[in-house]
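Per-entry structural report
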Amino acid sequence: MTSKKVSHLNDAVDHFQLVLDQCPASHPDHATALTNLAWARLEGYILNDLEDIDATTSLFRDTLALRPQHHPDYPLSLYNLTRALTWRHSKKSTAADIREAAQLYHELLPLFPEGTYLYSIAAGKNGVDHVIGSCNELPKDASDEGIHFRRVVLDLCPLGHQLRPSILNKLSSALRSRFTQRGHIDDLDEGILFRREAVSLCPEGHANRHTYLNNLAFSLVSRFRYQGKPNDLDEAISLHEEALRLCPVGHKSRDYSLNTLGGALIVRFNKRGDIDDITQAISLRREALMLTPPGHPHRHTTLNNLALTLQTRCSKSHVREDLNEAIDLYRESLRLNGLDNPGYPATLLGLSSVLCSRFKQTQKNEDVEEAIALCQQSLAALSSLHPGRYFSYVWLKGAYLSRHEIRHDPADLLLAIENFRLASRHPTQGLPQRIATAHKWTIAAEQHGHVSALEAYSTCFELLDGHLATRSSTISRREAAAAFNGVRSLPVDAASCAICHDNLRQAVELAEQGRGQQWSLASRLRTPVEDLESADPTLARDFSELSKRVSNAAQSSATITDRTAADRAATEYRRLTRQWEAAVAEICNLPAFSRFLLPPSYKDLQAAARQGPVIILIASQYSCSAIIVPTSGDPHHVPLPSIALADLKILKDRFTRAIRESSRMNPRESRTDLIVLLRIIWDQIMLPIVDVLEHVLKLQRRSRIWLCPTAAFTSIPLHAAHPFQTKPDRSGKEPCLEDIYICSYTPTLSALIRSRQSMKKRVPPSFVAIGQGQPGAGKGKALLAVDSELELVHKLVPATANRTTISGDEATRAGALEALQQNTWVHLACHGKQDPKQPYDSHFVMKDEHLTLLDIMERHIPQAEFAFLSACHTAVGDEETPDEVIHLAAGIQFSGFKSVVGTLWEVDDSVAKHVVEAFYGYMFGDLQKGGVMDCTRAAWALNRATHTVKTKVPLEQRMVFVHIGV
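Residues numbered from 1 in each chain as written. Predicted model: local features only at pLDDT ≥ 70, side-chain atom pairs only at ≥ 80, totals over all residues. Heavy atoms only, no water.

For the protein chain, the name recorded in an unreviewed UniProt entry is CHAT domain-containing protein, with Suillus fuscotomentosus as its organism.

Structure below.
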C-alpha cells in the first residue's frame, strides 16, 4: 500500500473484507484472504484508527491454524502473529503477549535461512530484538514456567548479542530465587555459570561490568552459605572489591557496592574471626549510609546493613555502644519500612536479635519480651516455606533460651528446643547453617539435661551426611567435614549421651553412624549386590552401573582446576547422585531390603563381633568409657572413671615424647617412660575392660578381640597395655593384654563386617613384595635393610603363592598400583609418610612419584586379602577429623585388603626385619602340614612374633606394629 491516509486504509479493510466473504473456509485462498484483511486492520491499529486489536490477532491465529507446520507459508503466518502480539503488547503492556511472541520467535527463526529477506526482518531490531528487549523488562518469575521462558529468551540471544549479558543475569536471578524457595543447589550452580559468562562478556571498560561482578559475587556467597566452600567466599570478596574500584566516589552505584562488599566481609569474619574484616565492613557501611541520606530510597536497607555489622562486632567484642547504636539504627529502619515492604520481617528479626543480645548483658525484662514479640510478628508475616522463617526460628530459640537462663522456667526451654527443631529442619536454608544450628541444639540439650539431646545428635548426623554427599570428591568431603570445628566430637558425644540415657544399643549405632562418614559415603558405591541380584537382577544391574558412574564422576572431578568446569562437574555429579538415590529408594521398597544402605542397626553391627567381641572406646568431653559388643546379646558398658578427655590428650603428648626419646636410646637401655605410660593404659583403661571380658563374658584366654578406638583414644597404643609387675605370690610376671588376648583394631564396625563379607569369594593366592630403599634426592634417607627384607620375605613365602618382587627402579607409583591390583597378598617395605593436615596426601615413597592414600582408595580390589605395611606411620589418623580414621592402613583395607599389618610411628628398618621374619614364620608355619594361606591368622602371627623377638627388638619397635581387620 503506497498511501497511509486513513480513508484509503478504511477502503482497503472494506475491500479485503469483501474478498474474505467471497472465500469461505473451503476456498483455497481463504487463508490468503484472512492474512490480507488482518494486515490491513493491523496497519489501522498501528495508525491508531482501529482499536479492535483482539479481533485482528484472532484473524492471524485463524490463518496459522489453516497452515500446518509443513505448509510453505507456515513460517510467514508465524511471523505475522508475532507482529500482532508485539504491537498489542506495545500499546497494552500485556505480558502474556510478549511471552507468546518470544515462544513463536524461538520456533520461527530456525525456519528462515540466514541471508534471506524474511530472516533479516524477523531477526532485526523491529523483530526479535524488540521482543528480547521487552522480555528483559518483565518482572522476575522464579516459577518453573518463568525459568523455562527465560531459557527461551536466552536461546534467542546468540553470542555477541548486546543484550545477552542482561538476559543471562535475568535467568540467573530467577534461578537463584528458585534456589532460595526450594533449596536445590543445582539452580544456584547453573546461575553461577550464567553469571560467569555475563562477566566474561563485559570486559574492562564496559559500563555495567560492576553490576555483573557484584551479582556473581552475591551468588558465590549464597553458595558458600549453603555448601561452605572457602574458595567461593574468597572469590566473591575479590569480585566485590573489583566492582567497588569501578564505582569511585560520585558513582551512582557506589553505595550498593559498599554494602555488598561489607556483607561478604561479615560472612568471612563469622567464619575466620579476623577482626580486620569486621572493622573494614563497618567502615564501608558507614560510608554507604552517608551516601543514602534521609529521603533516599535505599536508606532503610543501609540502616539495616550497618546495624547488622555493628551487632556482629559486638558478638565478639561485647561493646555495649555497638548494641545501642544497632538498636537505634534498626528502629529508624522500621519507621521507614512499611508493613508491605519485603524487607520488613528482616528488620523485625534484626531488632529482635540485638534486643536479645542486650538482654543477656543487662537482664532488662522489656528487651527480651520485645525480642520475642518481634520474632513472632516476623513469623506471622512470612509464608511457611519462606527462607526468612529459618532466621525467625533461630532468633526466637535464642530469646527463649536467654529468658530460661535467667528465669529457669521449663516452658521457655521447651519453646527454645521446638525452635531449634524447626530451624534445623527448615528446607530452604543451606545445610551448613542447619548443621551448625543442630549442633548448637545438642549443646543446649546437654547443658540443660533435655530429653531431645539424642534427637538433636541424630538430626546433626543426617544433615552432615547430606552435606558431605553433595561433595563430588573425597578431598572436598574431608574439607567439608573439617570445616565444622564443633562437630568433630559429635560421634563420641552422641554415644556418651546415649550411655547416660541407658541406651547402649543406640550408643553403638550413633558412634558408628557418626564415625568414618567419608568411608561410608565411598563404600556405599561398592556395596555387594549378590542378594539383590537374586531378588531383582535388573535393579541390581542398574544400581551397580549407577554406582560406577557416580564413583567415576567423583574421581574425575578431583582433577578439574577450572572453576566453571568444576561447577559443571559438580552439577553432573549431583544429577547422577539423585538417580543413584532413586535406585536405592526403589531397592528399599523390596520386601527383604527395607534397610538397604541405611545406617546400620545394632543387630546389623553385631555381626562385627562374630569371631570375638569388639570394644568401642568412647572419648567424650562428657565422659570416657568403653562399650563391649559381644558375639550375642546386649552390649556391656565399662565406665572408665579414672580417665578424662584432657588426660587422654596429655597421655598422647607424653607418648609422642617417650617414643621420640626411645628412638635415640641404646636398644638395651630400659624404656622407663614408656613402661610408666603402658602401666597407665593398663590400670586406667584396659584392666576394667579385661575384667568384664574375663568375669562377665567368660571370654577364654588367647581369644581374639577387636579394639575400635574413637577420638583421643586413636592416638594411644591400647594393644600394648601392660602392668609390668610381679604376681602377688611371686610366681611370675602379671600378664599383659597381648598375653591374655590376641588384639586387632578396626576403624569402624562396618569396615570389619565388609571385610568378612568379601571373604566369601577367594581366588588362588599371589604374593608380591614391593620395596623401595633408594627413593631419590629429597624423599628421605636410604633404607639399607629393605633389599635384605625383601629377600627374607621371598624365602619365607611358600612357592605355591606365585611370588614376585618389585624393587629399585621398578618400584614406581604405577608399578606399585599395578602390583596391588594384580596380587592378593602384598608386603610393602619403604618410607611411609602420614600427612596430619591433609591425610589423603599421606603416601608411600616410590622411585618417581608418591603412592598416595587417595591413589589407593580409588582402586577397588575385592579379591585382595593381606597387606604387611613395613613402613612408618601407616596406621596414624588425622588431626582434623580423628574419628574418620583416615590413614594408609585404613585406605588399604578400604580398597579391598581384609587383613592389614600397619605401624603407629617410625620403624627402624634394621630391627623391623626381625619382626617380619618371625611374623611370616608363624603365618606360614603350618603350610607344610597341608594348610592354606589364611589372612585371618595375621593377628595371631603378629602376636606371637612380637613376643618371640623381645630380646632382639626394643619395646617401642615391638609396639609399633598393629593388626587391622579380620
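This part is about helix α16 (residues 320-336). Relative to the 24 Å expected for 17 residues at 1.5 Å per residue, α16 spans 25 Å between its end C-alpha atoms, a close match to the ideal helical length. Considered for burial, the residues of α16 that qualify are D322, L323, A326, I327, L329, Y330, S333 and L334. Summarising the contacts, the buried residues of α16 are in contact with α14 (275-290), α15 (299-317) and α17 (344-362). (Helix = DSSP H or I, 4+ residues; strand = E, 2+ residues; numbered from the N terminus. Expected span 1.5 Å × (residues − 1). Buried < 20%, exposed > 50% of the residue type's maximum accessible area, 1.4 Å probe, protein only. Contact = heavy atoms within 4.5 Å.)

Further remarks concern the pairing of strand β3 (residues 636-639). Pairing analysis gives four bridges linking strand β2 (residues 624-629) to β3, with the strands arranged antiparallel. Paired with I627 across the bridge in β3 is H637. (Pairing = 2+ DSSP bridges.)

Okay, a positive patch on the surface next. On the surface, R654, R657, R660 and R664 cluster together into a patch of positive charge. Examined against the element boundaries, R664 turns out to sit in the loop between α31 (645-663) and α32 (672-695). (Patch = residues over 30% accessible without salt bridge, like charges linked within 9 Å, V, L, I, M, F, W, Y side chains within 5 Å. Areas by Shrake-Rupley, 256 points an atom, 1.4 Å probe, with all protein chains shown as cover. Salt bridge = Lys/Arg side-chain N within 4 Å of Asp/Glu carboxyl O. Lys, Arg positive; Asp, Glu negative; His and termini not counted. Charge placed at Lys NZ, Arg CZ, Asp CG, Glu CD.)

The next thing to look at is the packing of aromatic side chains. Following the criterion strictly, the structure yields 13 aromatic pairs and no others. Here the aromatic rings of W825 and F924 are separated by 5.7 Å at their centres, their planes lie at 45°, and the arrangement is tilted. Taken together, the residues span a long stretch of sequence, with W825 in strand β8 (residues 825-829) and F924 in the loop between α39 (909-923) and α40 (938-948) at a distance of 99 residues. Overall, W825 belongs to the buried group, its relative accessible area being 0%. On the basis of relative accessibility, which here comes to 7%, the residue F924 falls in the buried class. For the ring pair F866 and F919, a centre distance of 5.7 Å and an interplane angle of 20° mean the geometry is stacked. Pair noted here: F866 is in strand β12 (residues 866-870) and F919 is in helix α39, with a separation of 53 residues, a long-range link. Taken together, the aromatic side chains of F767, W825, F866, F868, F919, Y920, F924 and F961 make up a single cluster linked through ring pairs. In this structure, R99 is placed above the aromatic ring of F149, and the distance from its NZ or CZ to the ring centre is 4.6 Å. Just above the ring of W706 sits the side chain of R756; from NZ or CZ to the centre is 4.9 Å. (Phe/Tyr/Trp six-rings, centres within 6.5 Å; stacked < 30°, edge-to-face > 60°. Lys NZ or Arg CZ within 6 Å of the ring centre and 35° of its normal.)

The topology assignment puts L401 in helix α19 (residues 388-407). Relative accessible area serves as the criterion here: at 12%, L401 is assigned to the buried category. On a C-alpha basis, the gap between L401 and I417 in space is 8.5 Å, while along the polypeptide they are 16 residues apart. Those residues in contact with L401 that sit more than four places away from it in its chain are L413, A416, F420, A444 and H448.

This part covers the environment of V508. Following the sequence through the fold, V508 ends up in helix α25 (residues 504-514). Relative accessible area serves as the criterion here: at 1%, V508 is assigned to the buried category. Each C-alpha atom, one on V508 and one on S601, is 8.7 Å from the other, the two residues being 93 residues apart in sequence. Those residues in contact with V508 that lie beyond four places of it in its chain are Y602, L605, I616, I627, V629, P635 and L749.

Within soluble globular proteins, side chains that are nonpolar tend to cluster in buried spots. Ranked by size, the top nonpolar core spans 275 residues in total, and within it I681, M686, L718, F767, F844, F919 and Y920 carry the most contacts. Of all the elements, α32 adds the most residues to this core, at 13 residues. Once residues lying within four places of it in the same chain are set aside, the contact partners of F767 are V793, V797, A801, N802, R803, T804, N823, W825, H827, Y920, F924 and M933. (Core = buried A, V, L, I, M, F, W, Y, C linked by side-chain atoms within 4.5 Å.)

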